[in-house]
Amino acid sequence: MNATNGTKGASVIIVGGGVSGLSSAWWLARAGVDVMVIEKGIVGWGASGRNGGGATHHQSPLFLEEQRLWPQMDELLRYPTEFQPKRIRIALSDQQVEEFKIGVDNTRGQGFPAEWLDPKQVRDLVPLAGNNVVGGVYYERGGHANPQRTVQAYAWALQDLGGRILQHTAVTGFQRRGGKVAAVETNAGVFSCDTLILAAGPQTGRLSALLDSEVPVTAARAEMIVTEPLPLMPIGGVDGNHLYGRQTLRGNLAYGGGPHEWLRPEDDAVAVRPSSPLARNVAKRLAELFPKAAHIRVIRSWAGVIENTPDGRPVIDRLPTAANAIVATMSSVGFGLSPATGRAISQLVIDGRCDFADLSSFRLSRFGNLSPDWREERGWLPPQTEDDDARAA
Amino acid sequence: MSRIDERSTAGKPLPVGEHLRLLIVGAGPAGLAAALEAARRGVEVVLVDEHPVDSALMGLDVPFHFGQRMSGATRNKTRMMEAIAASDDRIAEAFEAGVDVRLGVSAWGLFSPKPGLRWLNRPIVGLSDGESSWYASFDAAILATGRRDIGLAFPGWELPGVMGVTAAQTLLQRYDALESQRIVILGSGAEATSFAEAAVAAGRTVVAMVEVADAPRDPEGCEILAAQGVSILTGAMVARATGGADGVEGVELNGTEGRHLSCDTVVLAIGTAPVIELFDVAGAEIAFMATRGGHVPLTDTEGRTSIAGLFAAGDCAGINGDKTADSKISAEEGRRAAVAACGELESGSRAPWKVISVDGTATDDVEASRSAWIEAAMTVADTETHICQCEEVSIPDLLGVRPPRYLPRDQAPMLARDLSSLANDGLVHQDQIKRLTRAGMGPCQGRRCREQVSAVLAQATGTPLAKLPLPSYRAPVRPLPLSAFAEDLEPGVVSDNWEGWFGISGQWDPFWTLSEGASAEERS
């Protein structure tokens, strides 16, 4: 049991038991900081445990660290994440080949190899691929892991270091003193803190608003499908044809893509994640991507709720209205980057700055002139319903 | 006026193949009675039933635990179609009454408008004939999806010949394709005795009924069977099933001095579960009711669920001994639901919804019976007894929350983790255990292990079954090949706007091209 068990509060309180929050907590605990994660449900129950598991994010300043850390994570956490290196993207049209160029350039621009593949090379590397392949890209770095197992690995590793996790605990407010957050109010009592980290996914907007610095995010539902297991391909991290996903270590094909549905701010992100009829459109593209798996059965689907900022990029920054509060939203691309995200945030807490990545593009101030109607301007709104029509009439 | 995000569901048409006035799922007693009643009232009815099920799907133990005891005849779809049609006179009656009866068509999904699915403007059902899939909208639907088997893991239960009572009864009475000759039945409740009577009547030998409790659960039924030479063994449990490539050759019992029974089939009749998949997928309110056989959709007295226009009738709305023994009760539920549904169709309005609460009698308490069986199973199971056959998860694996076999399992930190350490962090959710152990993640979609895993979690954490959250069901609730599931009518506006991820402009631009501190507004 950890030394601080029983005390009300912690040096650092992290609101949100998803990958970003748990990774931050774990890195802080490794550095000897007394941390507590407050989660309103079960760890990883949101998008952190329901995503494609990809770990190839060449657009991000955290890419190098993402690539450096993943191969070590099982050893560092001491629990399996199912991380598998390498990534292949398959194009089934010339246009899809064209779309891969940005990734190739970004990757090479950061000193990593990216190799163009011809159709035969793709078929040699990907036994399920068919004659419809036009080309592909092979990334030596990158890869994928099992989101559900990884989330639990962070949580257990954190607890092993003495960190605390309060599940089924909802944050109701904050107590402030002298421009700082002094305590977090929850349905299980009040917990004092020296530093607050908000990493609450779709709830980040609402919670930051309670601290007078609303981080602009809006949430959407998206889904994936899963097939029965197949013999393992040599590289499981294969996607393309406008799908993301992977063959899991068990052999299942887990893939997603296609239209998302924006939610209303008042929607409960945990409750509103039904699978949709679009699962069949995902299946159509998966059968195209892997023609030799067309006979394989789809055995389930799942949906997750993901938040985005107005430009689809992360915010990792201090809140201007609370000097000891850091906010983190990865804007729909959080899982793969999580080892690096957590390390960056732990450095912000301990050293005041991140020494391995330039986080300036993650600043909250870039939204300083954001129009109050930013959601409407982007069309980031739920489809109109008959109720809406009736209300409008 | 706001613009539309072309990458979102907004403004996308959904290809709906047909519109149904009244959809009925399941051609059992409740579904047929509902269809006949609605037809009599002049309402157009489409009645779908997944039987005859493709024999390959039967091999996966979908939708019931067939245990490979279906005869070769099940590979002949035409013949099976005739067998199903001939198994109940009311099917022909329904045809004659003008009901559009579709055999061999499964309902694998049900979607209703709600937050997250505001895109839908009406409820739709996903249907499949095994070769292709399509969507149908409907004005009202009555689900009469029946019951399914619950499994019980003892050493040898993965052998061919160990099967569920619903599967056995269905093969015997609807398919006329049950291979079994010498049968040992686990359980002594109404489902066990009614199957035993049918099996005896069909010339099969029922060797024994094995009941873990000290007294038969259906004493009258057991008395009749005993008079026909069936051994009724109470306070007993199968210690193991033995056999070879062709399956079960016998069982050993514990609690009766190691007695051996020779048989080719072990029928698990320890209980059955209401088939509620589509209700859960659609988002209907569901609760655990020990007196109704487990988790059931909340309904009013006429079968209305929490979703407007969606009704439940028959076993899927609740199972008890009386309903098992007398199919007229389910038929009456079906008829009543049809009357209510037709009333709503005619008036165009929904009656106020008053949920009926607990009913039934204490003797129907599945909480008690499932606990007793699982405790008995836990005493006979060994580390090679897989409660989840698809993913090879044993009871010790569940209790230890152990990762699957393809991962390292014996590292010190992992070994220190178990169900009780997980329970220290809060109420355990079966979906969490599923994620970590993979129990329930296989091709049978958790049908054989779902209730067993619940019972183990309940027992091990001291939580009543009723308090455990329902592990979620996911569409497609029948395993469908990619080629049969794939959308073949995708509208151009969906294809043209399809993106792998959100399609937010600039989301993948490399970070070094973004000017420091620039606002998104300035950049765009």
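Residues numbered from 1 in each chain as written. Chains lettered and ligands numbered in written order. Predicted model: local features only at pLDDT ≥ 70, side-chain atom pairs only at ≥ 80, totals over all residues. Heavy atoms only, no water.

1. A few points about the overall build of chain B
Next, step 1: On a plain count of helices and strands, chain B comes out with 19 helices and 22 strands.
Next, step 2: Relative to the 2.2 N^0.38 estimate, which gives 24 Å for 524 residues, the radius of gyration of chain B is 25 Å and therefore close to what a compact globule would have.
Next, step 3: If you line up chain B on its principal axes, its C-alpha atoms span 85 × 70 × 45 Å.
Next, step 4: A total of 524 residues make up chain B; the buried ones form 61% of that total.
Next, step 5: In chain B, of all internal contacts separated by at least 6 residues, the share reaching a separation of at least 24 is 66%.
Next, step 6: Looking at chain B as shown, the accessible area adds up to about 19,200 Å², and 49% of this sits on carbon and sulfur atoms.
Next, step 7: Counting 46 positive and 70 negative side-chain charges, chain B places the centres of these two groups 2 Å from one another. (Helix = DSSP H or I, 4+ residues; strand = E, 2+ residues; numbered from the N terminus. Rg over C-alpha atoms; globule rule 2.2 N^0.38 Å. Buried < 20%, exposed > 50% of the residue type's maximum accessible area, 1.4 Å probe, protein only. Contact = heavy atoms within 4.5 Å. Areas by Shrake-Rupley, 256 points an atom, 1.4 Å probe, with all protein chains shown as cover. Lys, Arg positive; Asp, Glu negative; His and termini not counted. Charge placed at Lys NZ, Arg CZ, Asp CG, Glu CD.)

2. Digging into the confidence of the model for chain A
Parts of the model with low pLDDT should not have their predicted coordinates read in detail.
Next, step 1: Summary statistics for chain A give a mean pLDDT of 94 and a share of 96% for residues scoring 70 or more.
Next, step 2: Considering only residues more than four positions removed or in separate chains, one finds that residues 1–6 of chain A, a stretch of pLDDT under 50, has six contacts. (pLDDT = per-residue confidence, 0-100.)

3. Structural notes on the interface of chain B and chain A
Next, step 1: Taken together, the 90 residues of chain B in the interface contact 98 residues of chain A.
Next, step 2: Carbon and sulfur atoms supply 58% of the area buried between chain B and chain A, which totals about 8,400 Å² over both sides.
Next, step 3: Counting the surface chain B buries against chain A, the share from its top three residues, Arg118(B), Arg435(B) and Trp498(B), is 11%.
Next, step 4: Here Asp160(A) ties to Arg417(B) by a salt bridge, and the two come within 2.8 Å at their closest N and O atoms.
Next, step 5: Our count for the contact surface shared by chain B and chain A stands at 51 residue pairs in polar contact (both at pLDDT 80 or more).
Next, step 6: By residue class, the composition of the side of chain B that touches chain A is 48 nonpolar, 20 polar and 22 charged.
Next, step 7: Two elements, strand β15 (residues 297–308) of chain A and strand β22 (residues 480–481) of chain B, share two bridges in a ladder whose sense is antiparallel. Bridge pairing in β22(B) links Arg297(A) to Pro481(B). (Buried area = accessible area lost by both parts, 1.4 Å probe. Salt bridge = Lys/Arg side-chain N within 4 Å of Asp/Glu carboxyl O. Polar contact = N/O pair within 3.5 Å; in protein donor to acceptor, adjacent residues only side chain to side chain. Nonpolar A, V, L, I, M, F, W, Y, C, P; charged D, E, K, R; others polar. Pairing = 2+ DSSP bridges.)

4. Quick word on the environment of Ala423(B)
Residues and elements named next belong to chain B.
Next, step 1: With respect to the helices and strands, the residue Ala 423 is situated in helix α14 (residues 419–423).
Next, step 2: The partly exposed category is assigned to Ala 423, whose relative accessible area is 30%.
Next, step 3: Separated by 37 residues in sequence, Ala 423 and Ala 460 place their C-alpha atoms 9.8 Å apart.
Next, step 4: Not counting chain neighbours up to four residues away, the residues in contact with Ala 423 comprise Val 428 and Thr 461.

5. Comments concerning the sheet that holds strand β11 (residues 238–240) of chain A
Hydrogen bonding along the main chain pairs the strands of a sheet, whether they run parallel or antiparallel.
Residue and element names in this part refer to chain A.
Next, step 1: A sheet is described by the order of its strands in space; here four strands give the open sequence β4-β5-β3-β11, paired in mixed fashion. Edge positions in the sheet fall to β4 (114–117) and β11, since each of these pairs with one other strand and no more. Along the sheet, successive strands turn relative to each other by an average axial angle of 30°, direction set aside.
Next, step 2: The strands touched by helix α4 (residues 94–109) are β3 (84–91), β4 and β5 (135–144); relative to β4, the strand with the most contacts, the crossing angle is about 160°. (Axes fitted to C-alpha atoms, helices over the stretch in contact; angles between N-to-C directions.)

6. Quick notes on helix α5 (residues 165–175) of chain B
Residue and element names in this part refer to chain B.
Next, step 1: With nine of eleven residues buried, α5 lies mostly within the body of the structure.
Next, step 2: Turning to α5, its buried residues are Val 165, Thr 166, Ala 167, Ala 168, Thr 170, Leu 171, Leu 172, Arg 174 and Tyr 175.
Next, step 3: In the stretch just after α5, Asp 176 is the one whose phi turns positive, near 50°.

7. Section: the packing of α5(B) against helix α6 (residues 190–201) of chain B
Residues and elements named next belong to chain B.
Next, step 1: Two elements in contact, α5 and α6, have axes whose closest approach is 10 Å; the angle formed by their N-to-C orientations is 30°. Taken together, the axes of α5 and α6 are roughly parallel relative to one another. Crossing hand, α5 versus α6: left-handed. Here α5 contributes Val 165, Ala 168, Gln 169, Leu 172 and Gln 173 to the contact with α6, which in turn contributes Glu 191, Ser 194, Phe 195, Ala 198 and Ala 199.
Next, step 2: Its residues placed into classes, the contact of α5 with α6 shows six nonpolar, three polar and one charged. (Parallel < 35°, antiparallel > 145°, perpendicular 65-115°, else oblique. Left-handed = near helix turned anticlockwise from the far one by under 90°.)

8. Structural notes on the pairing of strand β9 (residues 182–186) of chain B
Residues and elements named next belong to chain B.
Next, step 1: Most of β9 sits out of view: four of its five residues are buried.
Next, step 2: Looking at chain direction, β9 and strand β10 (residues 205–211) are connected through five bridges and run parallel. Bridge pairing links Arg 182 to Thr 205 in β10.
Next, step 3: Handedness of the crossover is the feature at issue here: the chain leaves β9, passes through α6, returns alongside β10, and the resulting connection is right-handed.
Next, step 4: Note that β9 and strand β15 (residues 265–268) share four bridges and pair parallel. Bridge pairing in β15 places Val 184 opposite Val 266. (Right-handed = clockwise from strand over helix to strand, strands pointing away.)

9. Here's the deal with the sheet that holds β9(B)
All names here are of chain B.
Next, step 1: The five strands lie next to each other as β8-β15-β9-β10-β11, forming an open sheet whose pairing is parallel. Of all strands in the sheet, those bounded by a partner on one side alone are β8 (162–164) and β11 (231–234). Adjacent strand axes in the sheet meet at a mean angle of 25° when their direction is disregarded.
Next, step 2: The strands touched by α6 within the sheet are β9, β10 and β15, with β10 carrying the most contacts at an inclination of about 170°.

10. Some remarks on the pattern of salt bridges
Next, step 1: Per the counting criterion, the structure on display carries 46 salt bridges over all chains.
Next, step 2: Among the ionic pairs, Arg149(A) bridges to Glu82(A), the shortest N-O distance being 2.5 Å. Separated by 67 residues along the polypeptide, Arg149(A) in helix α6 (residues 147–160) and Glu82(A) in the loop between α3 (73–77) and β3 bring together distant segments of the chain. Across the pair, Glu82(A) and Arg149(A) agree in class, each one buried.
Next, step 3: In the salt-bridge network here, residues are joined through shared partners; they are Asp397(B), Arg402(B), Arg405(B), Arg409(B) and Asp410(B).

11. Section: the confidence of the model for chain B
Next, step 1: In the predicted model, chain B carries a mean pLDDT of 93, and the fraction of residues at 70 or more is 96%.
Next, step 2: Note on the complex model: pTM 0.95, ipTM 0.95.

12. Brief notes about the domain arrangement of chain A
All names here are of chain A.
Next, step 1: Domain assignment breaks chain A into domain 1 (9–50 + 149–217 + 311–362) and domain 2 (85–140 + 219–308).
Next, step 2: For the pair domain 1 and domain 2, the summed buried surface comes to about 1,100 Å²; carbon and sulfur atoms form 54% of the total.
Next, step 3: Of all residues in domain 1, the largest losses of buried area upon contact with domain 2 belong to Arg 50, Pro 202 and Ser 332, amounting jointly to 46% of the total for that side.
Next, step 4: Our count for the domain 1 to domain 2 interface comes out at zero salt bridges.
Next, step 5: Linking domain 1 with domain 2 are four residue pairs in polar contact (both at pLDDT 80 or more), by the criterion used here. (Domains from an automatic or database assignment.)

13. Structural notes on α6(A)
Residue and element names in this part refer to chain A.
Next, step 1: With 14 residues, α6 should cover 20 Å at 1.5 Å per step; its first-to-last C-alpha distance of 20 Å lies within 8% of that length.
Next, step 2: Taken across its 14 residues, α6 has 13 buried, putting it largely inside the fold.
Next, step 3: N-cap assignment for α6: the residue whose side-chain oxygen lies 3.0 Å from the backbone N of Gln 148 is Asn 146.
Next, step 4: Gly 162 occupies a position one or two residues after α6 and carries a positive phi of about 95°. (Expected span 1.5 Å × (residues − 1).)

14. Some points on the nonpolar core
Next, step 1: The biggest cluster of nonpolar side chains holds 149 residues, and the ones touching the most others in it are Ile13(A), Leu196(A), Phe154(B) and Leu186(B).
Next, step 2: Of the residues that make up this core, three or more belong to each of domain 1 (9–50 + 149–217 + 311–362) and domain 2 (85–140 + 219–308) of chain A.
Next, step 3: With sequence-adjacent residues up to four places away left out, Leu186(B) is seen in contact with Leu152(B), Phe154(B), Val210(B), Val238(B), Val266(B), Val267(B), Leu268(B), Ala269(B), Ile270(B) and Trp373(B).
Next, step 4: Grouped together as the second largest cluster of nonpolar side chains are 72 residues, Val238(A), Leu243(A), Val298(A) and Phe485(B) included. (Core = buried A, V, L, I, M, F, W, Y, C linked by side-chain atoms within 4.5 Å.)

15. Describing the packing of aromatic side chains
The description of an aromatic ring pair uses the distance of the two centres, along with the angle that the planes make with each other.
Next, step 1: For the structure on display, the rule yields 18 aromatic pairs over all chains.
Next, step 2: Its end group placed over the ring of Trp45(A), Arg50(A) keeps NZ or CZ at 5.8 Å from the ring centre. (Phe/Tyr/Trp six-rings, centres within 6.5 Å; stacked < 30°, edge-to-face > 60°. Lys NZ or Arg CZ within 6 Å of the ring centre and 35° of its normal.)

16. Regarding unusual backbone geometry
Next, step 1: Here the amide bond leading from Val62(B) into Pro63(B) is cis, since omega sits at 0°, within 30 degrees of zero.
Next, step 2: Here Pro63(B) is to be found in the loop between α2 (55–59) and α3 (77–86).
Next, step 3: Pro476(B) follows Ala475(B) through a cis peptide bond whose omega is -5°.
Next, step 4: Examined against the element boundaries, Pro476(B) turns out to sit in the loop between α16 (450–461) and β22.
Next, step 5: Although it is not a glycine, Ser332(A) adopts a positive phi angle of roughly 70°.
Next, step 6: Checked against the element boundaries, Ser332(A) lands in the loop between β17 (322–329) and α9 (338–350).

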